[in-house]
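As a plain string of letters, each chain reads:
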Amino acid sequence: MRDVHICEVGPRDGLQNAKHLMPTEAKKRWITALAAAGLEEIEVGSFVPPKLIPAMADTAEIVTHARTIAGLKVVALAPNVKGFERARGAGAHKITFPVSASRKHSESNVRMTPEQMVEQVRQCAALRGKDGPEIEGAVSTAFGCTLQGAVPEADVLRLAVALAEFCDGVALADTVGYANPAQVKRLFSLVRKEIGSKLEGAHFHNTRGLGLANALAAYEEGVRAFDASMGGLGGCPFAPGASGNVITEDLVFMFEAMGLKTGIDLQKLFAARKLLEQAIPEEPIYGHTPLAGLPKGFRAAA
Ligand SMILES: [Zn+2]
């Protein structure tokens, strides 16, 4: 039994925002190594138009590969019904829809209002049938937005409640790295009061170095599912020099050091990081634990 569940989003959130393209075969080897390290859930790509994001053009092939790995939950992102159909066709076990709480971000990102986006997800939930994929609604820019600035908590709450009606799970995402731990506690607690156990995941970016602090705050608020990316891969086009998601290696170390089982083997995780470094050596990656190594006498949670 794992105490916390970590979903590796590097192949999607990381590579989608990276400056360098990772070849398809290298992606497959990396995903295999991530799963071998104990990651039971990996967001392997995004079904967006390939012209828009060339790094995600091979997502169907990557999903097919990932499905051959025993015990792995294969997650893909879809921005609309068309993306959902492609993700389902490829065989993704879980499909995540980003629904931006920031009106400006939603309109520039998916050319839909948040309400229109909720309707897209509702349609997909109706389409999936009995044995269809799991559906997650991720309320993105939930803690602030580079275009709009502050995002009212009432907007986040309204979207979370709407999504909880037909999604299997709802996540709150700090897409641009604006969140702080006090805000994380307040917002997760507010949303939890409305939708209970439907509130599952937390997705943080480490843009201002608060990724781990925010993850810990969410943990203390009862959250047990976290997105993270190896090496903090990704960055953010609006914040030069900033890393991407909360760093998987450091997040695993934090929880394991606290005695909380992640099911992930840190040495094997470092081996997977080597593959990432070899595949796109020019890309900046981050992480304190891989650079410092494990403390003398360190024991993983048992
Ligand atoms: Zn993200």
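Structural data are supplied above this passage.
Residues numbered from 1 in each chain as written. Predicted model: local features only at pLDDT ≥ 70, side-chain atom pairs only at ≥ 80, totals over all residues. Heavy atoms only, no water.

**Notes on helix 9 (residues 211–220)**
Buried within helix 9 are the following residues: G211, N214, A215, A217, A218 and Y219. Where helix 9 is buried, its residues contact helix 8 (181–195), strand 7 (199–203), strand 8 (225–228) and helix 10 (248–257). (Buried < 20%, exposed > 50% of the residue type's maximum accessible area, 1.4 Å probe, protein only. Helix = DSSP H or I, 4+ residues; strand = E, 2+ residues; numbered from the N terminus. Contact = heavy atoms within 4.5 Å.)

**Comments concerning the pattern of salt bridges**
Applying the stated criterion to the full structure yields 20 salt bridges. Between E249 and R273 there is a salt bridge; the shortest N-O distance is 2.8 Å. Highlighted residues: E249 in helix 10 and R273 in helix 11 (residues 266–279), separated in sequence by 24 residues. Residue R273 is classed as buried on the basis of its relative accessible area of 6%. (Salt bridge = Lys/Arg side-chain N within 4 Å of Asp/Glu carboxyl O.)

**Considerations on the coordination of the zinc ion**
The zinc ion binds to the protein through D13 (OD), H203 (NE2) and H205 (NE2), with metal-donor distances spanning 2.0 to 2.1 Å. Motif for the zinc ion, donor spacing along one chain: D-x189-H-x1-H. Of the two residues, D13 sits in helix 1 (residues 10–17) while H205 sits in the loop between strand 7 and helix 9, which places them 192 residues apart along the sequence. As far as burial versus exposure is concerned, D13 and H205 are alike and both buried. (Donors = N, O, S within 2.8 Å, 3.2 Å for Na, K, Ca; no water.)

**A look at unusual backbone geometry**
Peptide bonds are, in most cases, trans, and in most cases residues other than glycine have a negative phi. One non-glycine residue, R111, lies in positive phi territory at about 55 degrees. Assignment of secondary structure puts R111 in the loop between helix 5 (103–109) and helix 6 (114–127). With a phi angle near 45 degrees, T141 is a residue other than glycine that sits in the positive phi range. Within the fold, T141 resides in the loop between strand 5 (134–140) and helix 7 (153–164). By relative accessible area, which is 0% here, T141 ends up buried.

**Considerations on the packing of aromatic side chains**
Going through the model one piece at a time under the given rule, you end up with 7 aromatic pairs. Here the aromatic rings of F253 and F298 are separated by 5.3 Å at their centres, their planes lie at 40 degrees, and the arrangement is tilted. Here F253 is found in helix 10, whereas its partner F298 is found in the segment after helix 12 (288–292), with 45 residues between them in sequence. F253 gets classed as partly exposed once you look at its relative accessible area, which sits at 21%. (Phe/Tyr/Trp six-rings, centres within 6.5 Å; stacked < 30°, edge-to-face > 60°.)

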